[in-house]
Amino acid sequence: MSDSSGATALRTIRALLKQFELGKQETKVMAPYSKPATCDVRTKNFARVVTLDEAGQVVSHAARKGALVVFTFASDVMRLRVQKMCDSVGISSIDLVGPTIMGLSSFLEMDPIGQVGRLLYLKRVTDSHKSP
């Protein structure tokens, strides 16, 4: 689930699933809760989820399927609310970008802008890296 295209979540999940011995892989970001030695994993991208109502619909769908919700939201409010929604219905979820955004915020000593779909080019120049 994403407030943008969902491409970040799909690419990341597909790459990380290669770490597991799975049966056939289809595309749907919802993995069954059962954890046999091999299983089918299907991913489904819910893109452009921008309201709490839309997020609630996705979480409800995931709960009916017994799925894992992986999300990427620029807004810290959406990240926290979706996490709480998932917790309240008893399904697992992964905030894929929140910890990284917070780490970058701490490192850069800047607050994130929370803008959806914006490419950020980061460069931190310190006195120790400047040429003499």
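The structure this text deals with has already been given above.
Our subject in this report is the structure included herewith. (Residues numbered from 1 in each chain as written. Predicted model: local features only at pLDDT ≥ 70, side-chain atom pairs only at ≥ 80, totals over all residues. Heavy atoms only, no water.)

**What to know about the nonpolar core**
Okay, so step 1: Membership of the largest hydrophobic core comes to 16 residues, with the highest contact counts inside it found for Met1, Val49, Ala55, Val59, Val69, Phe73 and Val82.
Okay, so step 2: For this core, the secondary-structure elements that each account for two or more residues are α2 (52-65), β1 (69-71) and α3 (76-89).
Okay, so step 3: Sequence-distant contacts of Val82, defined by excluding residues within four places in its chain, comprise Met1, Ala55, Val59, Phe71 and Phe73.
Okay, so step 4: Ile13, Leu17, Val41 and Leu96 belong to the second largest nonpolar core, which has six residues in total. (Core = buried A, V, L, I, M, F, W, Y, C linked by side-chain atoms within 4.5 Å. Buried < 20%, exposed > 50% of the residue type's maximum accessible area, 1.4 Å probe, protein only. Helix = DSSP H or I, 4+ residues; strand = E, 2+ residues; numbered from the N terminus. Contact = heavy atoms within 4.5 Å.)

**Considerations on the packing of α2 against α3**
Okay, so step 1: Where α2 meets α3, the axes come as close as 10 Å, and the angle between the chain directions of the two elements is 30 degrees. Crossing geometry of α2 relative to α3 is assigned as right-handed. On α3, the residues touching Leu52, Ala55, Gly56, Val59 and Ala63 of α2 are Met78, Arg81, Val82, Met85, Cys86 and Val89.
Okay, so step 2: Residues belonging to the contact of α2 with α3 are distributed by class as follows: nine nonpolar, one polar and one charged. (Axes fitted to C-alpha atoms, helices over the stretch in contact; angles between N-to-C directions. Left-handed = near helix turned anticlockwise from the far one by under 90°. Nonpolar A, V, L, I, M, F, W, Y, C, P; charged D, E, K, R; others polar.)

**With respect to the packing of aromatic side chains**
Okay, so step 1: All told, the structure shown has one aromatic pair when counted by the stated rule.
Okay, so step 2: With 5.9 Å between their ring centres and 40 degrees between their planes, Phe71 and Phe73 make a pair best called tilted. (Phe/Tyr/Trp six-rings, centres within 6.5 Å; stacked < 30°, edge-to-face > 60°.)

**Some details on the pattern of salt bridges**
Okay, so step 1: If you walk through the whole model with that rule in mind, you get one salt bridge.
Okay, so step 2: Between Asp95 and Arg79 there is a salt bridge, and its shortest N-O distance comes to 3.7 Å. Separated by 16 residues along the polypeptide, Asp95 in strand β2 (residues 93-95) and Arg79 in helix α3 bring together distant segments of the chain. (Salt bridge = Lys/Arg side-chain N within 4 Å of Asp/Glu carboxyl O.)

**Side note on unusual backbone geometry**
Okay, so step 1: With phi around 55 degrees, Arg48 is a residue other than glycine that occupies positive phi space.
Okay, so step 2: On the secondary structure map, Arg48 appears in the loop between α1 (7-17) and α2.

**What to know about the side chain of Ser2**
Okay, so step 1: Residue placement: Ser2 occurs in the segment before α1.
Okay, so step 2: For Ser2, a relative accessible area of 2% corresponds to the buried category.
Okay, so step 3: A polar atom in the side chain of Ser2 sits 3.1 Å from the side chain of Thr72.
Okay, so step 4: If near-sequence neighbours (up to four positions away) are discounted, Ser2 is found in contact with Phe46, Ala47, Arg48, Val49, Thr72 and Phe73. (Polar contact = N/O pair within 3.5 Å; in protein donor to acceptor, adjacent residues only side chain to side chain.)

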